[in-house]
Amino acid sequence: MLAKRGLTLGKFLPLHEGHALLLRSAAKHCHELTVLVGVASNDLYSFEQRERWILDLLEPVTTQTGTRVHVVRDPDPDPLVEKDAEGTVTDERYWTQWLEQNQSHLANIDLVFTSDRYGREIARRIGARWFPVDPDREVVAISGSQIRALMHQNFHAVCDVAKPDVAITVAVLGAESTGKSTLVKRLADLYQTRYAPEWGRIISEAHSELTGSDFDAIVTMQDELITTAQRRGNGLCFVDTEA
């Protein structure tokens, strides 16, 4: 039996495969899911980016289940307050403030989904049941802090929907026939990653005359090639043209 309303939360900096397991599990076990995104002023990625990642990730699940997903802000998510061994905040002043500022999102929640054991305390405080998802990191052994510390080594664990925003993309610009295509190929080989070729050149070589729709396609195809290179690379990709 599905729960009526579920809650999950996190920073999602960036969205990784552990988050994906958590979010998909939550969306499959309730009719309505609220995702509370911790937002601080110095975050690497905006709330809007993270909202889009989450909704894009969950689209196949929500299409199948009909689950309604609400992605909302949780300001100042990581205060400098004491926590116990499980990461649960022990400062009552914090709990009072957090519960008050998120009151509208916490009402009538049935299940709290977390991969951290502090979810037990959140559930207790709002009168819900805790639903742990891989709390010992036995299925996905990664964290956002590990990825941020060693992005190159851990880029593979970033969700595909987030990779275009997370990857470093280097565009090599210059006049026509100055060796840009050769350079991006050699750079990609040197850094053992991916590159995106210039689709305008590809279509020009295929047809002696270009149509208006070809020029429209140059923009969309170039964007698709770059996005694919960003997702399939190691956190770094090279392009020899961009919009």
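The structure presented is a predicted model; accordingly, all values stated were derived computationally and were not measured.

Calculation criteria
- Residues numbered from 1 in each chain as written.
- Predicted model: local features only at pLDDT ≥ 70, side-chain atom pairs only at ≥ 80, totals over all residues.
- Heavy atoms only, no water.
- Pairing = 2+ DSSP bridges.
- Helix = DSSP H or I, 4+ residues; strand = E, 2+ residues; numbered from the N terminus.
- Axes fitted to C-alpha atoms, helices over the stretch in contact; angles between N-to-C directions.
- Contact = heavy atoms within 4.5 Å.
- Buried < 20%, exposed > 50% of the residue type's maximum accessible area, 1.4 Å probe, protein only.
- Arc of directions from axis to C-beta.
- Core = buried A, V, L, I, M, F, W, Y, C linked by side-chain atoms within 4.5 Å.
- Phe/Tyr/Trp six-rings, centres within 6.5 Å; stacked < 30°, edge-to-face > 60°.

Peer 1: Just to check I follow, could you spell out the sheet that holds strand β4 (residues 111-114) for this structure?
Peer 2: Across the sheet, five strands lie side by side as β3-β2-β1-β4-β5; this open sheet has parallel pairing. The strands lining the two open edges of the sheet, one partner per strand, are β3 (68-75) and β5 (129-132). Averaged over all neighbouring strand pairs, the angle between strand axes comes to 25°, with direction disregarded. With eight bridges joining them, strand β2 (residues 30-39) and β3 adopt parallel strand pairing. Bridge pairing in β3 places Glu32 opposite Arg68. Strand contacts of helix α5 (residues 119-126): β1 (3-10), β4 and β5, with the helix running at about 165° to β4, the strand carrying the most contacts.

Peer 1: Please explain helix α9 (residues 180-190) as it appears in this structure.
Peer 2: For an α-helix, 3.6 residues make a turn, and residues three or four places apart therefore share a direction. Three or more residues of α9 are buried, namely Lys180, Val184 and Ala188. Looking straight down α9, one finds its buried side chains confined to an arc of 70°; they lie on one side. Opposite the buried face of α9, at more than 90 degrees from it, the exposed residues are Arg186, Asp189 and Leu190. Residues of α9 that are buried sit in contact with β7 (194-196) and β8 (236-239). A positive backbone phi angle near 50° is found at Gln192, which sits one or two residues after α9.

Peer 1: Is there a simple way to explain the nonpolar core in this structure?
Peer 2: A general trend in soluble globular proteins is that nonpolar side chains are found buried together. Judged by nonpolar contacts, the single largest core of 37 residues is most densely connected at Leu15, Leu23, Val35, Val37 and Ile54. Secondary structure elements with two or more residues in this core: α1 (17-28), β2, α2 (47-65), β3 and β4. Ranked by the residues each element gives to this core, the list is headed by α2, at six residues. The contact partners of Val35, leaving out residues within four places of it in the chain, are Thr8, Phe12, Leu23, Ile54, Val69, His70, Val71 and Val72. Counting residues in each nonpolar core, the second largest holds 16 residues, with Leu7, Leu36, Ile109 and Trp130 among its members.

Peer 1: Looking at this structure, how should I read the packing of aromatic side chains?
Peer 2: The geometry of an aromatic ring pair is captured by the separation of the ring centres together with the interplanar angle, meaning the angle of the planes. Inspection of the entire model under this criterion finds five aromatic pairs. A centroid spacing of 5.7 Å and a plane angle of 65° characterise the contact between Tyr94 and Trp95, whose relative ring orientation is edge-to-face. In this pair, the class of Tyr94 matches that of Trp95, namely buried. Residues Trp95 and Trp98 carry aromatic rings whose centres are separated by 5.9 Å and whose planes lie at 90° to one another, so their mutual orientation is edge-to-face. Here Trp98 and Trp95 lie together in helix α3 (residues 92-101), a separation of three residues that amounts to about one turn. Each member of the pair, Trp95 as well as Trp98, is classed as buried. Members of the aromatic cluster, joined through ring pairs, are Tyr94, Trp95 and Trp98.

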